[in-house]
Amino acid sequence: MMKVLLFFLFLLPFKLINSFWGFQIYMFLGSFMFLFMGGYCCEWFNLSYMLGVDLLSFSLILLTLWICSLMLLSSQLIYSQMNYIGMFIFMVWALMMFLVLTFSVMNLFLFYLFFECSLIPILFLIMGWGLQLDRIQASLYLLFYTLFASFPFLLSIMYIYKNYNTLSFYLFFESMISMEYFYLYICLIMSFLVKMPMFLVHLWLPKAHVEAPVSGSMILAGIMLKLGGYGLLRIFSIVMKLGVKYNFIWVSISMVGGVLVSLICLFQIDLKSLIAYSSVVHMSMLLSGLMTLMNWGICGSFLLMISHGLCSSGLFCLVNVIYERTGSRSIMINKGLINYMPSMALWWFMLCSSNMAAPPSLNLLGEIMLINSIISWSNVTLILLIFLTFFSASYTLYLYSYTQHGGLNFNIYSFSQGYLREFILLMLHWIPLNLLIINNEMFVMWI
(Lines give C-alpha, C1' and ligand atoms only; values in the text may rest on other atoms or scores of the structure.)
Protein backbone atom coordinates (compact mmCIF):
# COMPACT_ATOMS: atom_id res chain seq x y z
CA MET A 1 0.00 0.00 0.00
CA MET A 2 2.87 2.38 0.71
CA LYS A 3 4.06 1.95 -2.90
CA VAL A 4 0.69 3.12 -4.18
CA LEU A 5 0.56 6.11 -1.83
CA LEU A 6 4.12 7.15 -2.72
CA PHE A 7 3.29 6.93 -6.43
CA PHE A 8 0.40 9.37 -6.01
CA LEU A 9 2.43 11.55 -3.66
CA PHE A 10 4.99 12.09 -6.42
CA LEU A 11 2.21 13.34 -8.72
CA LEU A 12 2.24 16.71 -6.91
CA PRO A 13 4.93 18.18 -9.24
CA PHE A 14 2.38 17.87 -12.08
CA LYS A 15 0.05 19.99 -10.01
CA LEU A 16 2.78 22.56 -9.41
CA ILE A 17 3.46 22.99 -13.13
CA ASN A 18 -0.29 22.90 -13.91
CA SER A 19 0.04 19.89 -16.23
CA PHE A 20 -3.67 19.02 -16.32
CA TRP A 21 -3.62 16.16 -18.84
CA GLY A 22 -0.29 14.81 -17.57
CA PHE A 23 -1.80 14.50 -14.10
CA GLN A 24 -4.88 12.78 -15.53
CA ILE A 25 -2.83 10.23 -17.49
CA TYR A 26 -0.71 9.36 -14.45
CA MET A 27 -3.85 8.95 -12.33
CA PHE A 28 -5.19 6.56 -14.96
CA LEU A 29 -1.91 4.61 -15.01
CA GLY A 30 -1.96 4.50 -11.21
CA SER A 31 -5.36 2.77 -11.22
CA PHE A 32 -3.99 0.07 -13.55
CA MET A 33 -0.87 -0.29 -11.40
CA PHE A 34 -3.04 -0.86 -8.36
CA LEU A 35 -5.21 -3.36 -10.27
CA PHE A 36 -2.20 -5.59 -10.95
CA MET A 37 -1.08 -5.39 -7.30
CA GLY A 38 -4.21 -7.21 -6.10
CA GLY A 39 -3.85 -10.49 -4.21
CA TYR A 40 -7.47 -11.53 -4.96
CA CYS A 41 -7.78 -13.62 -1.80
CA CYS A 42 -10.13 -13.39 1.18
CA GLU A 43 -7.36 -12.39 3.63
CA TRP A 44 -5.68 -9.03 4.27
CA PHE A 45 -2.83 -8.29 1.86
CA ASN A 46 -0.43 -5.45 0.92
CA LEU A 47 0.16 -4.90 4.63
CA SER A 48 2.38 -1.96 5.69
CA TYR A 49 2.35 0.65 8.48
CA MET A 50 -1.22 0.10 9.76
CA LEU A 51 -2.37 -0.05 6.13
CA GLY A 52 -3.69 -3.08 4.31
CA VAL A 53 -6.53 -4.18 2.09
CA ASP A 54 -8.90 -7.10 1.74
CA LEU A 55 -11.08 -7.59 -1.33
CA LEU A 56 -13.70 -5.11 -0.06
CA SER A 57 -11.14 -2.33 0.45
CA PHE A 58 -9.26 -3.25 -2.71
CA SER A 59 -12.35 -2.93 -4.93
CA LEU A 60 -13.38 0.41 -3.43
CA ILE A 61 -9.85 1.86 -3.71
CA LEU A 62 -9.72 0.75 -7.35
CA LEU A 63 -13.11 2.41 -7.93
CA THR A 64 -11.78 5.58 -6.24
CA LEU A 65 -8.72 5.77 -8.48
CA TRP A 66 -10.83 5.06 -11.58
CA ILE A 67 -13.46 7.71 -10.80
CA CYS A 68 -10.84 10.33 -9.80
CA SER A 69 -9.03 9.92 -13.13
CA LEU A 70 -12.37 10.24 -14.96
CA MET A 71 -13.21 13.36 -12.91
CA LEU A 72 -10.33 15.17 -14.58
CA LEU A 73 -11.33 13.84 -18.00
CA SER A 74 -14.85 15.25 -17.53
CA SER A 75 -13.68 18.70 -16.34
CA GLN A 76 -12.86 20.18 -19.76
CA LEU A 77 -14.83 23.34 -18.93
CA ILE A 78 -12.59 24.14 -15.93
CA TYR A 79 -9.51 23.54 -18.10
CA SER A 80 -10.70 25.62 -21.06
CA GLN A 81 -11.72 28.56 -18.84
CA MET A 82 -8.42 28.32 -16.84
CA ASN A 83 -10.56 28.34 -13.69
CA TYR A 84 -7.89 27.87 -10.97
CA ILE A 85 -6.62 24.64 -12.57
CA GLY A 86 -3.77 24.13 -10.10
CA MET A 87 -6.06 24.37 -7.09
CA PHE A 88 -8.63 22.10 -8.75
CA ILE A 89 -6.00 19.40 -9.42
CA PHE A 90 -4.80 19.70 -5.82
CA MET A 91 -8.36 19.23 -4.49
CA VAL A 92 -8.89 16.13 -6.64
CA TRP A 93 -5.51 14.77 -5.53
CA ALA A 94 -6.22 15.45 -1.82
CA LEU A 95 -9.68 13.89 -2.05
CA MET A 96 -8.25 10.80 -3.73
CA MET A 97 -5.49 10.43 -1.12
CA PHE A 98 -7.94 10.77 1.79
CA LEU A 99 -10.33 8.23 0.26
CA VAL A 100 -7.55 5.72 -0.46
CA LEU A 101 -6.35 6.07 3.14
CA THR A 102 -9.92 5.74 4.46
CA PHE A 103 -10.38 2.41 2.67
CA SER A 104 -6.88 1.08 3.43
CA VAL A 105 -6.41 1.79 7.16
CA MET A 106 -7.01 -1.10 9.54
CA ASN A 107 -7.62 1.01 12.65
CA LEU A 108 -11.06 2.35 13.58
CA PHE A 109 -9.82 5.74 14.79
CA LEU A 110 -7.71 6.35 11.68
CA PHE A 111 -10.73 5.33 9.62
CA TYR A 112 -12.78 8.01 11.41
CA LEU A 113 -10.00 10.59 10.89
CA PHE A 114 -9.70 10.10 7.13
CA PHE A 115 -13.47 9.64 6.83
CA GLU A 116 -13.89 13.20 8.13
CA CYS A 117 -10.88 14.58 6.22
CA SER A 118 -12.45 13.52 2.91
CA LEU A 119 -15.23 16.03 3.65
CA ILE A 120 -12.90 19.04 3.27
CA PRO A 121 -11.89 18.69 -0.42
CA ILE A 122 -15.46 17.90 -1.56
CA LEU A 123 -16.62 20.99 0.35
CA PHE A 124 -14.07 23.13 -1.53
CA LEU A 125 -15.05 21.53 -4.86
CA ILE A 126 -18.71 22.46 -4.34
CA MET A 127 -18.04 25.96 -2.96
CA GLY A 128 -15.22 26.81 -5.37
CA TRP A 129 -16.36 25.35 -8.68
CA GLY A 130 -20.13 25.12 -8.19
CA LEU A 131 -22.15 27.04 -10.75
CA GLN A 132 -24.90 28.75 -8.72
CA LEU A 133 -25.27 30.83 -5.56
CA ASP A 134 -27.06 28.06 -3.67
CA ARG A 135 -23.77 26.14 -3.53
CA ILE A 136 -22.95 27.74 -0.16
CA GLN A 137 -26.19 26.47 1.38
CA ALA A 138 -25.60 23.02 -0.16
CA SER A 139 -22.07 22.92 1.27
CA LEU A 140 -23.33 23.81 4.75
CA TYR A 141 -26.02 21.10 4.52
CA LEU A 142 -23.35 18.56 3.64
CA LEU A 143 -21.03 19.73 6.41
CA PHE A 144 -23.51 19.88 9.28
CA TYR A 145 -25.43 16.71 8.44
CA THR A 146 -22.16 14.76 8.40
CA LEU A 147 -20.50 16.39 11.41
CA PHE A 148 -23.61 16.20 13.59
CA ALA A 149 -23.79 12.41 13.16
CA SER A 150 -20.01 11.87 13.38
CA PHE A 151 -19.39 13.20 16.88
CA PRO A 152 -21.24 10.31 18.63
CA PHE A 153 -19.17 7.94 16.46
CA LEU A 154 -15.95 9.48 17.83
CA LEU A 155 -17.19 9.08 21.42
CA SER A 156 -18.09 5.44 20.80
CA ILE A 157 -14.60 4.80 19.36
CA MET A 158 -13.09 6.15 22.61
CA TYR A 159 -15.42 3.93 24.63
CA ILE A 160 -14.43 0.82 22.62
CA TYR A 161 -10.72 1.52 23.08
CA LYS A 162 -11.13 2.14 26.83
CA ASN A 163 -13.03 -1.10 27.41
CA TYR A 164 -11.61 -3.49 24.82
CA ASN A 165 -8.06 -2.13 24.29
CA THR A 166 -8.14 -2.50 20.51
CA LEU A 167 -9.32 -0.61 17.47
CA SER A 168 -7.91 -2.96 14.81
CA PHE A 169 -10.40 -4.37 12.31
CA TYR A 170 -8.75 -7.79 12.28
CA LEU A 171 -9.11 -8.15 16.07
CA PHE A 172 -12.85 -7.40 16.12
CA PHE A 173 -15.19 -10.31 16.83
CA GLU A 174 -18.97 -10.71 16.62
CA SER A 175 -19.85 -10.88 20.33
CA MET A 176 -17.55 -8.00 21.28
CA ILE A 177 -20.41 -5.59 22.11
CA SER A 178 -23.07 -7.22 24.26
CA MET A 179 -26.82 -6.84 23.92
CA GLU A 180 -27.44 -4.08 26.46
CA TYR A 181 -25.44 -1.39 24.64
CA PHE A 182 -28.21 -0.04 22.40
CA TYR A 183 -26.99 3.59 22.57
CA LEU A 184 -23.49 2.51 21.55
CA TYR A 185 -25.01 0.68 18.57
CA ILE A 186 -26.89 3.85 17.51
CA CYS A 187 -23.77 6.03 17.90
CA LEU A 188 -21.65 3.62 15.86
CA ILE A 189 -23.95 3.35 12.84
CA MET A 190 -25.68 6.76 12.71
CA SER A 191 -22.75 8.46 10.98
CA PHE A 192 -22.84 5.88 8.18
CA LEU A 193 -26.63 6.06 7.81
CA VAL A 194 -26.34 9.81 7.16
CA LYS A 195 -23.45 9.30 4.74
CA MET A 196 -25.24 6.67 2.62
CA PRO A 197 -27.79 8.47 2.96
CA MET A 198 -30.78 6.77 4.55
CA PHE A 199 -34.26 8.18 3.93
CA LEU A 200 -35.12 10.96 6.48
CA VAL A 201 -31.46 12.09 6.63
CA HIS A 202 -30.99 12.35 2.85
CA LEU A 203 -31.82 16.01 2.19
CA TRP A 204 -28.18 17.08 1.90
CA LEU A 205 -27.55 14.81 -1.10
CA PRO A 206 -29.84 16.32 -3.81
CA LYS A 207 -28.74 19.83 -2.84
CA ALA A 208 -25.05 18.90 -2.96
CA HIS A 209 -25.44 17.15 -6.33
CA VAL A 210 -27.37 19.96 -7.97
CA GLU A 211 -24.89 22.65 -6.91
CA ALA A 212 -21.67 20.66 -7.41
CA PRO A 213 -19.62 20.74 -10.64
CA VAL A 214 -19.62 17.53 -12.68
CA SER A 215 -16.45 16.31 -10.94
CA GLY A 216 -18.06 16.87 -7.51
CA SER A 217 -21.21 14.99 -8.54
CA MET A 218 -19.13 12.10 -9.89
CA ILE A 219 -17.10 11.64 -6.72
CA LEU A 220 -20.17 12.12 -4.48
CA ALA A 221 -22.21 9.49 -6.32
CA GLY A 222 -19.28 7.23 -7.13
CA ILE A 223 -17.36 7.09 -3.86
CA MET A 224 -18.62 9.30 -1.01
CA LEU A 225 -21.93 7.41 -0.66
CA LYS A 226 -19.96 4.15 -0.50
CA LEU A 227 -18.17 5.30 2.66
CA GLY A 228 -21.41 4.65 4.55
CA GLY A 229 -21.78 1.10 3.21
CA TYR A 230 -18.10 0.33 3.81
CA GLY A 231 -18.28 1.63 7.39
CA LEU A 232 -21.39 -0.45 8.15
CA LEU A 233 -19.78 -3.61 6.77
CA ARG A 234 -16.80 -3.05 9.09
CA ILE A 235 -18.81 -2.01 12.15
CA PHE A 236 -21.25 -4.94 11.99
CA SER A 237 -18.36 -7.27 12.77
CA ILE A 238 -18.65 -6.00 16.39
CA VAL A 239 -22.37 -5.18 16.73
CA MET A 240 -23.74 -8.29 15.02
CA LYS A 241 -25.92 -9.36 17.97
CA LEU A 242 -27.46 -5.91 18.37
CA GLY A 243 -27.94 -5.72 14.59
CA VAL A 244 -29.95 -8.94 14.52
CA LYS A 245 -32.24 -7.53 17.22
CA TYR A 246 -32.71 -3.90 16.08
CA ASN A 247 -32.00 -3.73 12.34
CA PHE A 248 -35.70 -4.08 11.50
CA ILE A 249 -35.99 -0.32 12.25
CA TRP A 250 -33.59 0.66 9.45
CA VAL A 251 -34.92 -1.93 7.00
CA SER A 252 -38.48 -0.60 7.49
CA ILE A 253 -37.46 3.05 7.09
CA SER A 254 -35.34 2.28 4.01
CA MET A 255 -37.98 0.22 2.22
CA VAL A 256 -40.79 2.73 2.74
CA GLY A 257 -38.39 5.61 1.99
CA GLY A 258 -37.22 3.94 -1.22
CA VAL A 259 -40.79 3.77 -2.54
CA LEU A 260 -41.51 7.40 -1.59
CA VAL A 261 -38.29 8.75 -3.09
CA SER A 262 -38.85 6.79 -6.34
CA LEU A 263 -42.22 8.59 -6.57
CA ILE A 264 -40.45 11.91 -5.92
CA CYS A 265 -38.17 11.09 -8.89
CA LEU A 266 -41.19 11.08 -11.19
CA PHE A 267 -41.89 14.73 -10.29
CA GLN A 268 -38.38 16.06 -10.93
CA ILE A 269 -37.69 18.38 -13.84
CA ASP A 270 -33.99 18.96 -13.08
CA LEU A 271 -31.92 16.14 -14.59
CA LYS A 272 -29.25 16.25 -11.87
CA SER A 273 -31.86 16.26 -9.13
CA LEU A 274 -33.58 13.22 -10.67
CA ILE A 275 -30.32 11.22 -10.78
CA ALA A 276 -29.48 12.33 -7.22
CA TYR A 277 -32.84 11.08 -5.91
CA SER A 278 -32.38 7.84 -7.85
CA SER A 279 -29.12 7.40 -5.88
CA VAL A 280 -31.17 7.63 -2.67
CA VAL A 281 -33.48 4.87 -4.01
CA HIS A 282 -30.53 2.60 -4.80
CA MET A 283 -28.98 3.27 -1.40
CA SER A 284 -32.31 2.42 0.27
CA MET A 285 -32.31 -1.02 -1.31
CA LEU A 286 -28.60 -1.45 -0.52
CA LEU A 287 -29.12 -0.52 3.13
CA SER A 288 -32.13 -2.82 3.49
CA GLY A 289 -30.21 -5.80 2.09
CA LEU A 290 -27.12 -5.04 4.17
CA MET A 291 -29.16 -4.73 7.38
CA THR A 292 -30.61 -8.23 6.96
CA LEU A 293 -27.04 -9.44 7.74
CA MET A 294 -27.44 -12.41 5.42
CA ASN A 295 -24.62 -13.52 3.12
CA TRP A 296 -26.61 -12.67 0.00
CA GLY A 297 -27.51 -9.25 1.37
CA ILE A 298 -23.91 -8.41 2.26
CA CYS A 299 -22.55 -9.62 -1.10
CA GLY A 300 -25.37 -7.84 -2.96
CA SER A 301 -24.69 -4.57 -1.13
CA PHE A 302 -21.01 -4.81 -2.08
CA LEU A 303 -21.93 -5.48 -5.72
CA LEU A 304 -24.39 -2.58 -5.81
CA MET A 305 -21.79 -0.23 -4.30
CA ILE A 306 -19.44 -0.87 -7.22
CA SER A 307 -22.12 -0.85 -9.92
CA HIS A 308 -23.94 2.24 -8.64
CA GLY A 309 -20.62 4.11 -8.42
CA LEU A 310 -19.98 3.55 -12.13
CA CYS A 311 -23.57 3.97 -13.34
CA SER A 312 -24.47 7.18 -11.45
CA SER A 313 -21.15 8.78 -12.28
CA GLY A 314 -21.75 8.04 -15.99
CA LEU A 315 -25.25 9.55 -15.86
CA PHE A 316 -23.91 12.75 -14.29
CA CYS A 317 -21.35 12.92 -17.12
CA LEU A 318 -24.17 12.64 -19.67
CA VAL A 319 -26.11 15.46 -18.00
CA ASN A 320 -22.96 17.59 -18.07
CA VAL A 321 -22.50 16.91 -21.81
CA ILE A 322 -25.99 18.35 -22.40
CA TYR A 323 -25.53 21.21 -19.91
CA GLU A 324 -22.33 22.42 -21.59
CA ARG A 325 -24.23 22.79 -24.88
CA THR A 326 -27.71 23.99 -23.95
CA GLY A 327 -26.90 25.81 -20.69
CA SER A 328 -29.80 24.12 -18.88
CA ARG A 329 -30.53 20.92 -16.96
CA SER A 330 -34.31 21.23 -17.24
CA ILE A 331 -36.25 18.38 -18.82
CA MET A 332 -38.64 21.01 -20.25
CA ILE A 333 -35.83 22.51 -22.34
CA ASN A 334 -33.76 19.40 -23.10
CA LYS A 335 -36.20 17.53 -25.31
CA GLY A 336 -35.72 15.68 -28.57
CA LEU A 337 -32.00 15.32 -27.98
CA ILE A 338 -31.88 12.29 -30.28
CA ASN A 339 -32.21 14.83 -33.13
CA TYR A 340 -29.60 17.17 -31.67
CA MET A 341 -27.00 14.56 -30.58
CA PRO A 342 -27.93 11.23 -32.20
CA SER A 343 -24.59 9.57 -31.39
CA MET A 344 -25.05 10.37 -27.67
CA ALA A 345 -28.55 8.83 -27.54
CA LEU A 346 -27.00 5.35 -27.57
CA TRP A 347 -25.02 6.15 -24.42
CA TRP A 348 -28.15 7.56 -22.77
CA PHE A 349 -29.92 4.29 -23.54
CA MET A 350 -27.09 2.04 -22.31
CA LEU A 351 -26.51 3.89 -19.04
CA CYS A 352 -30.26 4.30 -18.34
CA SER A 353 -30.78 0.57 -18.95
CA SER A 354 -27.93 -0.18 -16.53
CA ASN A 355 -29.53 2.18 -13.99
CA MET A 356 -32.76 0.16 -14.12
CA ALA A 357 -30.76 -3.08 -13.62
CA ALA A 358 -31.11 -4.53 -17.12
CA PRO A 359 -28.73 -7.34 -18.07
CA PRO A 360 -25.79 -7.69 -18.41
CA SER A 361 -25.01 -4.86 -15.94
CA LEU A 362 -23.59 -5.47 -12.49
CA ASN A 363 -26.66 -3.70 -11.06
CA LEU A 364 -28.79 -6.69 -12.08
CA LEU A 365 -26.77 -9.21 -10.08
CA GLY A 366 -26.56 -6.89 -7.08
CA GLU A 367 -30.31 -6.23 -7.03
CA ILE A 368 -31.18 -9.93 -7.47
CA MET A 369 -29.06 -10.77 -4.42
CA LEU A 370 -30.50 -7.90 -2.38
CA ILE A 371 -34.11 -8.76 -3.29
CA ASN A 372 -33.50 -12.40 -2.32
CA SER A 373 -32.05 -11.45 1.05
CA ILE A 374 -34.82 -8.92 1.84
CA ILE A 375 -37.63 -11.35 0.95
CA SER A 376 -35.91 -14.13 2.95
CA TRP A 377 -35.80 -11.76 5.91
CA SER A 378 -39.54 -11.01 5.74
CA ASN A 379 -42.26 -11.86 3.21
CA VAL A 380 -44.07 -8.58 3.96
CA THR A 381 -41.31 -6.64 2.19
CA LEU A 382 -42.37 -8.25 -1.10
CA ILE A 383 -45.17 -5.67 -1.51
CA LEU A 384 -42.78 -2.74 -1.03
CA LEU A 385 -40.18 -4.33 -3.31
CA ILE A 386 -42.74 -4.68 -6.11
CA PHE A 387 -43.49 -0.94 -5.95
CA LEU A 388 -39.83 -0.05 -5.54
CA THR A 389 -38.65 -1.96 -8.62
CA PHE A 390 -41.62 -0.81 -10.72
CA PHE A 391 -41.18 2.88 -9.93
CA SER A 392 -37.38 2.58 -10.37
CA ALA A 393 -37.97 1.40 -13.93
CA SER A 394 -40.62 4.11 -14.41
CA TYR A 395 -38.44 7.10 -13.51
CA THR A 396 -35.51 5.74 -15.56
CA LEU A 397 -37.77 5.39 -18.62
CA TYR A 398 -39.14 8.87 -17.86
CA LEU A 399 -35.57 10.22 -17.79
CA TYR A 400 -34.65 8.59 -21.11
CA SER A 401 -37.86 9.12 -23.09
CA TYR A 402 -38.47 12.73 -22.04
CA THR A 403 -34.93 13.83 -22.89
CA GLN A 404 -34.37 11.88 -26.12
CA HIS A 405 -37.83 12.01 -27.70
CA GLY A 406 -40.45 14.68 -28.24
CA GLY A 407 -40.26 17.94 -30.17
CA LEU A 408 -36.82 19.55 -30.33
CA ASN A 409 -36.52 22.87 -28.52
CA PHE A 410 -36.44 25.46 -31.34
CA ASN A 411 -33.88 27.59 -29.50
CA ILE A 412 -31.35 24.94 -30.54
CA TYR A 413 -30.63 25.53 -34.23
CA SER A 414 -27.52 23.36 -34.25
CA PHE A 415 -26.35 19.79 -34.44
CA SER A 416 -23.61 18.18 -32.31
CA GLN A 417 -21.81 14.86 -32.60
CA GLY A 418 -19.95 15.12 -29.29
CA TYR A 419 -16.21 15.09 -28.70
CA LEU A 420 -14.00 12.01 -28.66
CA ARG A 421 -13.15 12.81 -25.02
CA GLU A 422 -16.82 12.47 -24.06
CA PHE A 423 -17.21 9.11 -25.80
CA ILE A 424 -14.07 7.77 -24.10
CA LEU A 425 -15.36 9.05 -20.76
CA LEU A 426 -18.72 7.28 -21.13
CA MET A 427 -17.11 4.12 -22.49
CA LEU A 428 -14.79 3.92 -19.45
CA HIS A 429 -17.90 4.00 -17.21
CA TRP A 430 -19.94 1.51 -19.19
CA ILE A 431 -17.36 -1.20 -19.99
CA PRO A 432 -16.42 -2.12 -16.38
CA LEU A 433 -20.06 -1.79 -15.33
CA ASN A 434 -21.13 -4.48 -17.81
CA LEU A 435 -18.06 -6.69 -18.07
CA LEU A 436 -17.35 -7.15 -14.35
CA ILE A 437 -20.34 -9.50 -14.15
CA ILE A 438 -18.18 -12.10 -15.95
CA ASN A 439 -15.91 -12.31 -12.90
CA ASN A 440 -18.58 -11.95 -10.21
CA GLU A 441 -17.16 -14.60 -7.86
CA MET A 442 -14.57 -12.01 -6.76
CA PHE A 443 -17.32 -10.08 -4.99
CA VAL A 444 -18.31 -12.96 -2.69
CA MET A 445 -14.80 -14.15 -1.74
CA TRP A 446 -14.10 -11.59 0.98
CA ILE A 447 -16.86 -12.65 3.42
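Further up the page is the structure itself.
Residues numbered from 1 in each chain as written. Predicted model: local features only at pLDDT ≥ 70, side-chain atom pairs only at ≥ 80, totals over all residues. Heavy atoms only, no water.

Enquirer: How should I be thinking about the side chain of His429 in this particular structure?
Expert: Following the sequence through the fold, His429 ends up in helix 21 (residues 420–435). When neighbours within four sequence positions are excluded, His429 is seen to be in contact with Ile67, Leu70, Met218, Leu310, Ser313, Gly314 and Cys317. (Helix = DSSP H or I, 4+ residues; strand = E, 2+ residues; numbered from the N terminus. Contact = heavy atoms within 4.5 Å.)

Enquirer: When you look at the nonpolar core in this model, what are you seeing that I'm missing?
Expert: As a rule of thumb, soluble globular proteins bury nonpolar side chains together. Leu108, Ile122 and Leu232 are the most contacted members of the largest nonpolar core, which totals 163 residues. The element best represented in this core is helix 16 (residues 295–326), accounting for 16 residues. (Core = buried A, V, L, I, M, F, W, Y, C linked by side-chain atoms within 4.5 Å. Buried < 20%, exposed > 50% of the residue type's maximum accessible area, 1.4 Å probe, protein only.)

Enquirer: Please explain unusual backbone geometry as it appears in this structure.
Expert: Glycine aside, a negative phi is what most residues show, and trans is what most peptide bonds show. Residue Pro197 is reached from Met196 by a cis peptide bond, and omega for that bond is -10°. Topologically, Pro197 is positioned in the loop between helix 10 (182–195) and helix 11 (204–211). Here Pro359 and Pro360 are connected by a cis peptide whose omega angle stands at 5°. Note that Pro360 resides in the loop between helix 18 (342–355) and helix 19 (362–377). Not every positive phi belongs to a glycine, and Asn165 is a case in point at roughly 55°. Within the secondary structure layout, Asn165 lies in the loop between helix 9 (135–164) and helix 10. The backbone of Leu200 sits at a positive phi, close to 90°, despite the residue not being glycine. Structurally, Leu200 can be placed in the loop between helix 10 and helix 11. A relative accessible area of 56% places Leu200 in the exposed class.

Enquirer: When you look at the environment of Phe98 in this model, what are you seeing that I'm missing?
Expert: Tracing the backbone through its elements, the reader meets Phe98 in helix 6 (residues 85–104). Linking Phe98 and Leu65, residues 33 residues apart in sequence, is a C-alpha distance of 11 Å. Setting aside residues up to four positions removed in sequence, Phe98 forms contacts with Phe114, Cys117, Ser118 and Pro121.

Enquirer: I'm lost on helix 7 (residues 108–117) in this one. Help?
Expert: Residues spaced three or four apart along an α-helix face the same direction, because each turn holds 3.6 residues. Where burial is concerned, most of helix 7 is hidden: 7 out of the 10 residues are buried. Buried residues of helix 7: Leu108, Phe111, Tyr112, Phe114, Phe115, Glu116 and Cys117, and no others. Buried residues belonging to helix 7 abut helix 6, helix 8 (119–129), helix 9, helix 10 and helix 12 (214–235).

Enquirer: Mind showing me how you'd approach helix 1 (residues 2–9) here?
Expert: Every buried residue belonging to helix 1 is among Val4, Leu5 and Phe8, and all of these are buried. The buried residues of helix 1 occupy an angular sector of 95° when the element is viewed end-on, so they sit on one face. (Arc of directions from axis to C-beta.)

Enquirer: How do you make sense of the pattern of salt bridges when you look at a structure like this?
Expert: Close approach of charged atoms allows side chains of opposite charge to pair. For the structure shown, the criterion picks out 4 salt bridges. One salt bridge in this structure joins Arg329 and Asp270, with 3.4 Å as the shortest N-O distance. Taken together, the residues Arg329 in the loop between helix 16 and helix 17 (337–340) and Asp270 in the loop between helix 14 (248–265) and helix 15 (271–291) connect sequence positions 59 residues apart. Accessibility expressed as a relative area gives 7% for Arg329, which makes it buried. (Salt bridge = Lys/Arg side-chain N within 4 Å of Asp/Glu carboxyl O.)

Enquirer: Whenever I open this one, the environment of Gln404 confuses me. Can you help?
Expert: Residue position: Gln404 is located in helix 20 (residues 381–404). Considered as a pair, Gln404 and Ile331 are 73 residues apart in the sequence and their alpha carbons are 9.9 Å apart. Once residues lying within four places of it in the same chain are set aside, the contact partners of Gln404 are Gly336, Leu337, Ile338, Ala345 and Trp348. A polar atom in the side chain of Gln404 sits 3.3 Å from the side chain of Thr403. (Polar contact = N/O pair within 3.5 Å; in protein donor to acceptor, adjacent residues only side chain to side chain.)

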